[in-house]
Amino acid sequence: MRTEPSPGNLPAREHLPAGNAGTPVLDVVIPVYNEEKDLQPCVRRLHEHLARTFPYAFRITIADNASTDTTPLVAARLEAEIPEVRSFRLEQKGRGRALRTVWSASDAPVLAYMDVDLSTDLNALLPLVAPLISGHSDLAIGSRLARSSRVVRGAKREFISRTYNLILRGSLQARFSDAQCGFKAIRREVAQVLLPLVEDTGWFFDTEMLVLAERAGLRIHEVPVDWVDDPDSTVHIVKTATDDLLGVWRVGRALATGSLPLDRLARPFGDDPRDRDLTGVPTGLARQLVGFCVVGGLSTLFYLLLYSGFRTFAGSQVANALALLVSAVANTAANRRLTFGVRGRDRAVKHQAQGLVVFGIGLALTSGSLAALNAATSEPAHSTELAVLIAANLAATVLRFLLFRAWVFPDRHDHDAPSTVVASHTPVVPAGSVSPVYATAPRPPYGATHSPYDNRTWGDATVQLQPVRPNDHDPRNAR
């Protein structure tokens, strides 16, 4: 449960209205570079599939990024022959650049992309975009590594793919299973705010977008796919892998330094069911206890390792104070984010200051225990010191949880101002309009620290969609 509701820059997710004439609901982008051979059969096959199976209006956009063969001519011919096809030409290479340019200019509420080789079976397209249309998820990705996926590819690519995803899990704590499958979709209002944060313009674009979305708390839906490797793929594996590793380092550093304003991606207070005040339902105590115990266990191990290290060159009291100070800062930060669900940097310094007060109480308990031990015996064994410290830390942990819950991260569910927050996203209906426009609150500055993201232009995060309510119905539906 969030204790400090962010004003948010994204409207609450709504189910897209059915039968919305005019604007396509789905815009499928196909980024291409020198694909004169495969482009026409790909587009015609995709168009036939969508026309036969997709229940909403759609568009197919060919994003040609600086092709030097006849790809632009093929794209222009397809645009002239098929009403739902559009072509777009960029004079610079880069799949990420092509996707960001076309997605940023698109008026469709759901944006997707797929590789021109159509390695992914198209039957996964509707399951991919359905969670976005329904308002359930913010992004959706095809996964070749899900248990029910059916994949045909060589051992080398299989090894590289799994190794890369293990690197993402170990270095950036990514929880999604497949970053590089060329089969993804995103809601337009999310793309408008997320894409300006994504710096990469090449193959790492997908990974960076997913990592930032996940860190911001957006929901990513995964669809198991059937996938057949393209033996004629022109991807340079070594160069791509090198660029990806450099991208992992850059994004990891930006996340570690806090230079990314991920709070701009917050949903309005109340969009998360954990924000709701439900009669007879505990306000997250059980979940907080579990999270606190996990963080506490890891913090205790961290503390004991630090104490053992400091003890090699300092006395027990000094080693205890240093180890407790370092672990207390890490413990407060982890509990703030994982246990009590506080996101963003608002009041972070205040929380750390309060955490240090709690640290002082823990220090008094553990130091007092060590003093009592030293008074009882002149040279206690190291194992005895550790046992006494563990017992003292258990007592300090119980007190720390109570102070965290009641003082540092109090339950503001009933006292903060969710009504103000919701009002900032209340549908506003302009004169002569039937679709509400979500009025977005002004974005606060996110700090003066210079980062490569500071000079980017922030797009408008609003989206004009007509929400579907439980009693809405289509008059053309006789049921």
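Residues numbered from 1 in each chain as written. Predicted model: local features only at pLDDT ≥ 70, side-chain atom pairs only at ≥ 80, totals over all residues. Heavy atoms only, no water.

Digging into the pairing of strand β5 (residues 139–143)
Within β5, five of the five residues are buried, which leaves it mostly tucked inside the rest of the structure. Residues L139, I141 and S143 point to one face of β5 and A140 and G142 to the other, with burial holding for every one of them. By the bridge criterion, three bridges tie β5 to strand β7 (residues 183–187) in an arrangement that is antiparallel. Counted as the bridge partner of I141 is K184 from β7. Bridging between β5 and strand β8 (residues 220–224) involves five bridges; their strand directions are parallel. Each residue of the ladder has a partner; that of G142, found in β8, is V223. (Buried < 20%, exposed > 50% of the residue type's maximum accessible area, 1.4 Å probe, protein only. Helix = DSSP H or I, 4+ residues; strand = E, 2+ residues; numbered from the N terminus. Pairing = 2+ DSSP bridges.)

Some remarks on the pattern of salt bridges
On inspection of all chains with the given rule, the structure shows 17 salt bridges. Across the salt bridge formed by E385 and R311, the nearest N and O atoms sit 3.5 Å from each other. You can see E385 sitting in helix α12 (residues 382–408) and its partner R311 sitting in the loop between α9 (285–310) and α10 (316–339), a full 74 residues away along the chain. Residue E385 is classed as buried on the basis of its relative accessible area, which comes to 4%. Shared partners join several salt bridges into a network, and the residues in it are R95, D115, K184 and D206. (Salt bridge = Lys/Arg side-chain N within 4 Å of Asp/Glu carboxyl O.)

A look at empty space enclosed by the protein
A complete count under the given rule lists four cavities of 30 Å³ or more for this structure. There is about 180 Å³ of room inside the largest cavity. L324, S327, A328, N331 and R400 are, among the 17 residues lining the largest cavity, the residues nearest its centre. Every element with two or more residues in the lining of the largest cavity is listed here: α9, α10, α11 (348–376) and α12. It is α10 that provides the largest number of residues to the lining of the largest cavity, a total of five residues. (1 Å grid on protein atoms, 1.4 Å probe; cavity = no way out; pocket = protein on both sides within 12 Å on 5 of 7 lines; lining within 4 Å. Points joined across faces, edges and corners; volume = space filled by probe spheres on them.)

A short note on the packing of aromatic side chains
The final tally for this structure, using the stated rule, is 11 aromatic pairs. An aromatic cluster is built from F292, F340, F401, F404 and F409, whose rings are joined through pairwise contacts. Note that K93 overlies the ring of Y33, its terminal NZ or CZ placed 4.1 Å from the centroid. One Lys or Arg, R144, reaches over the ring of W227 and ends 4.8 Å from the middle of that ring. (Phe/Tyr/Trp six-rings, centres within 6.5 Å; stacked < 30°, edge-to-face > 60°. Lys NZ or Arg CZ within 6 Å of the ring centre and 35° of its normal.)

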